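# Commentary on secondary and tertiary structure
Given next are the chains, with one letter for each unit.
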Amino acid sequence: MTTWFISDLHLEPARPASTHLLFEFLQHIRGQAEALYILGDLFEYWIGDDFLATPEGQRVLPILQAFRQVAASGTPIYFQHGNRDFLLAEQFAELSSMTLLPEQKTIDLYGQSTLIMHGDLLCTDDIDYQKARVLFRSPQWQQQILAKSIPERLQYAQSLRMQSQQTAQTKQEDILDANQTAIEAAMRTAQVTQLIHGHTHRPAIHEFNLEGQSAKRIVLGDWYQQGSFLRVDAADMQLSAEFH
């Protein structure tokens, strides 16, 4: 049996190829996987579960159904929030047969204690983003946003996305990457030597020394141009743009 990890799909109607790839992937693992972990940013943005009741939101329902079919085949699906879909809540999870996880979670991965997370918390050099993150994750701010109409929320989400894209272009590349000190601190706190995350869109497997022990950090890629899949079993770990 295998366990799969994906993140940063950034699904949206403007990029249907990513959604089609997700359907193919879910069909491939259905009944064949021990678990599926989605480490955030499943959607380009998510404005609240009540969006599903709108005509535009109805187009998301086939995705939920595909997840349900995987879960019904015996493969549990776990979801961690990203910086684009932190408003995804219990209704979505129930309709897609997912289990919502906290933003940091330690799992037993074939005998290897492993910390999983979206990864934005590790980008501590991006001070402006970390300040905004505290605001976006606060219950008070989320209540204010969810009190707005759906058209207002859509407009706000789109403006935030444009602002984020413009800001990222002005920042140095290393500021947008995970900070090694933050990485090691998170791993020490969790008492692990293996970390899996997404967010930075820089797929790679990094090996380093952590207090005299061999440590590993696996970074998942995004789905803007192609897929990114981490396949793990008891004997091997493969990070690839292909799932076959």
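Residues numbered from 1 in each chain as written. Predicted model: local features only at pLDDT ≥ 70, side-chain atom pairs only at ≥ 80, totals over all residues. Heavy atoms only, no water.

## Examining unusual backbone geometry
At S97, a residue that is not glycine, the phi angle is positive and equals roughly 60°. The exposure class of S97 is partly exposed, given its relative accessible area of 32%. Despite not being glycine, Y110 has its phi angle at roughly 55°, a positive value. Turning to its location among the elements, Y110 is positioned in the loop between β5 (104-109) and β6 (112-117). (Buried < 20%, exposed > 50% of the residue type's maximum accessible area, 1.4 Å probe, protein only. Helix = DSSP H or I, 4+ residues; strand = E, 2+ residues; numbered from the N terminus.)

## Some remarks on the packing of aromatic side chains
As enumerated under the stated definition, the model contains 15 aromatic pairs in all. Between F136 and W141, the aromatic rings sit 4.8 Å apart at their centres with planes inclined by 45°, giving tilted as the arrangement. Each member of the pair, F136 as well as W141, carries the same accessibility label: buried. Summarising the aromatic geometry, the rings of W141 and Y156 are spaced 6.2 Å apart at their centres and angled 45° between planes, so their arrangement reads as tilted. Of this pair, W141 sits in helix α5 (residues 139-146) while Y156 sits in helix α6 (residues 150-170); the two residues are 15 residues apart in sequence, bridging distant segments of the chain. (Phe/Tyr/Trp six-rings, centres within 6.5 Å; stacked < 30°, edge-to-face > 60°.)

## A few points about the pairing of β5
Note: β5 against β6, six bridges, orientation antiparallel. Residue pairing in the sheet places I107 in a bridge with T114 of β6. Between β5 and β6, which follow one another and run antiparallel, lie two residues, and Y110 among them has a positive phi close to 55°. (Pairing = 2+ DSSP bridges.)

## A short note on empty space enclosed by the protein
The final tally for this structure, using the stated rule, is two cavities of 30 Å³ or more. For the largest cavity, the calculated volume is near 40 Å³. Around the largest cavity, the lining residues are H81, E103, M117, H118, G119, D120, L121, R133 and R137. Residues belonging to the lining of the largest cavity are distributed by class as follows: two nonpolar, three polar and four charged. Counted as a void, the second largest cavity has a volume near 30 Å³. Residues of the lining of the second largest cavity, tallied by class, amount to three nonpolar, one polar and two charged. (1 Å grid on protein atoms, 1.4 Å probe; cavity = no way out; pocket = protein on both sides within 12 Å on 5 of 7 lines; lining within 4 Å. Points joined across faces, edges and corners; volume = space filled by probe spheres on them. Nonpolar A, V, L, I, M, F, W, Y, C, P; charged D, E, K, R; others polar.)

## Some thoughts on the pairing of strand β9 (residues 213-219)
With four bridges joining them, strand β7 (residues 194-197) and β9 adopt parallel strand pairing. Paired with L195 across the two strands is R217, which belongs to β9. With seven bridges joining them, strand β8 (residues 204-210) and β9 adopt antiparallel strand pairing. Counted as the bridge partner of E207 is K216 from β9. Between β8 and the antiparallel strand that follows it, β9, lie two residues; E211 among them carries a positive phi value of about 50°.

## A few points about the side chain of D49
Along the chain, the position of D49 falls in the loop between β2 (33-38) and α2 (61-72). No salt bridge is formed by the buried D49. Its closest oppositely charged neighbour is R153, at 8.4 Å. Among the polar contacts listed, one links the side chain of D49 to the backbone nitrogen of Q91, at a separation of 3.1 Å. Apart from the residues lying within four places of it in its own chain, the contact partners of D49 are L87, L88, A89, E90, Q91 and F92. (Lys, Arg positive; Asp, Glu negative; His and termini not counted. Salt bridge = Lys/Arg side-chain N within 4 Å of Asp/Glu carboxyl O. Polar contact = N/O pair within 3.5 Å; in protein donor to acceptor, adjacent residues only side chain to side chain. Contact = heavy atoms within 4.5 Å.)

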